[in-house]
Amino acid sequence: MQISEFLDRKLARRFRTFDRDGDGFIERGDFIDAAARLGEEFGHAPDSPARQRVTALSLDLWERLVTAADTDSDQRISEAEYKAAFAAGLLETPGSFDVGYRPFLDAIMDIADADRDGRLTEDEEVRWTGSLMELPEADAREAFRHLDQDGDGFVTTEDLLAAIGAYYFDDDPDSAGSWLLGPLDR
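Residues numbered from 1 in each chain as written. Predicted model: local features only at pLDDT ≥ 70, side-chain atom pairs only at ≥ 80, totals over all residues. Heavy atoms only, no water.

Asks: Teacher, can you tell me more about the environment of T156 here?
Replies: Residue position: T156 is located in strand β4 (residues 155–156). Put simply, T156 and R127 are 29 residues apart on the chain and 15 Å apart in space, counted from C-alpha to C-alpha. Here T156 is in contact with M109, G118 and R119, once residues within four sequence places are set aside. (Helix = DSSP H or I, 4+ residues; strand = E, 2+ residues; numbered from the N terminus. Contact = heavy atoms within 4.5 Å.)

Asks: I keep staring at empty space enclosed by the protein and nothing clicks. Help me out?
Replies: Taking a probe equal in size to a water molecule and rolling it over the atoms shows the remaining empty space. Scanning the entire structure with this criterion turns up 3 cavities of 30 Å³ or more. What the largest cavity holds in volume is close to 190 Å³. Lining the largest cavity are 15 residues; nearest its centre among them are R14, W128, M133, I164 and L180. Contributing elements (two or more residues each) for the lining of the largest cavity: α5 (97–112), α6 (122–133) and α8 (157–169). The residue inventory of the lining of the largest cavity, partitioned by class, reads 14 nonpolar, no polar and 1 charged. In this structure, the second largest cavity encloses a volume near 130 Å³. Together, 13 residues line the second largest cavity, and R14, F18, F31, A34 and L132 are the ones closest to its centre. Those elements giving two or more residues to the lining of the second largest cavity turn out to be α1 (5–18), α2 (28–41), α3 (49–69) and α6. (1 Å grid on protein atoms, 1.4 Å probe; cavity = no way out; pocket = protein on both sides within 12 Å on 5 of 7 lines; lining within 4 Å. Points joined across faces, edges and corners; volume = space filled by probe spheres on them. Nonpolar A, V, L, I, M, F, W, Y, C, P; charged D, E, K, R; others polar.)

Asks: For this particular structure, what's the right way to read the packing of aromatic side chains?
Replies: Pairs of aromatic rings are described using the distance from one ring centre to the other and the angle between the two planes. For the coordinates displayed, the defined rule picks out 7 aromatic pairs. Taken together, a centroid distance of 5.6 Å and an interplanar angle of 45° make the contact between F31 and W62 tilted. Taken together, the residues F31 in helix α2 and W62 in helix α3 connect sequence positions 31 residues apart. The pair F31 / W62 is uniform in exposure class, with both members buried. The ring of Y167 has K10 lying over it, and the distance from NZ or CZ to the ring centre is 5.5 Å. Seen from the ring of F18, R14 lies directly overhead, with NZ or CZ sitting 3.7 Å from the centre. (Phe/Tyr/Trp six-rings, centres within 6.5 Å; stacked < 30°, edge-to-face > 60°. Buried < 20%, exposed > 50% of the residue type's maximum accessible area, 1.4 Å probe, protein only. Lys NZ or Arg CZ within 6 Å of the ring centre and 35° of its normal.)

Below, the structure is given as C-alpha cells:
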C-alpha cells in the first residue's frame, strides 16, 4: 500500500498516542499504563472486570503490533517500523476493523458509558481519549464535534468504528475519521 503524505501524518499522530513516554518507541508498558489510566479515570479498580477486559484487549493489541511491526525483534516498535508494517498491510486492512476494534470499543464503552445507554457524551469522550491516549481536551472536543455526525450530542460504537476506518483509509481531510485524534500537525 502506498502511504500518502496525509496518511503519513495520521500514522505519525496515531503513533504518538501509543508512545506514552515520547521516547520514539511503542512498548508493552505503554499499553499497560494506558489501560490503567483509563480504568482509574472512571473509578475502576485493578480487579474490576471492565478494567481487566480493557487491559487484556490492550495487551492483545500490543501482541498484534509487535508481531507485525517489530522487524528487529527488540520488543519495541519505532515509528518507521509502525509505518512500514501498515504500508505492507500487516497492521490494518479495511476488513480488519470490526474484528479488531469492536471488542476494544465495546470494552471502552463498558468503562466510559456511565448510564449504559450505548452512547458517549462529549465529556465521556473527552475523558476516555484523554486518559487512554492523552489527547488534549481541546483536541478531544474538536474531534467529538466531527464524530457526532447527526448532532445529537452523543457518539456510539458505530460512530467510532466508522471514524477509525476513515482515519486509516480515507484521505479526505474533512471526514470525521480525519479528526479522530483532533487536528493533525500541518
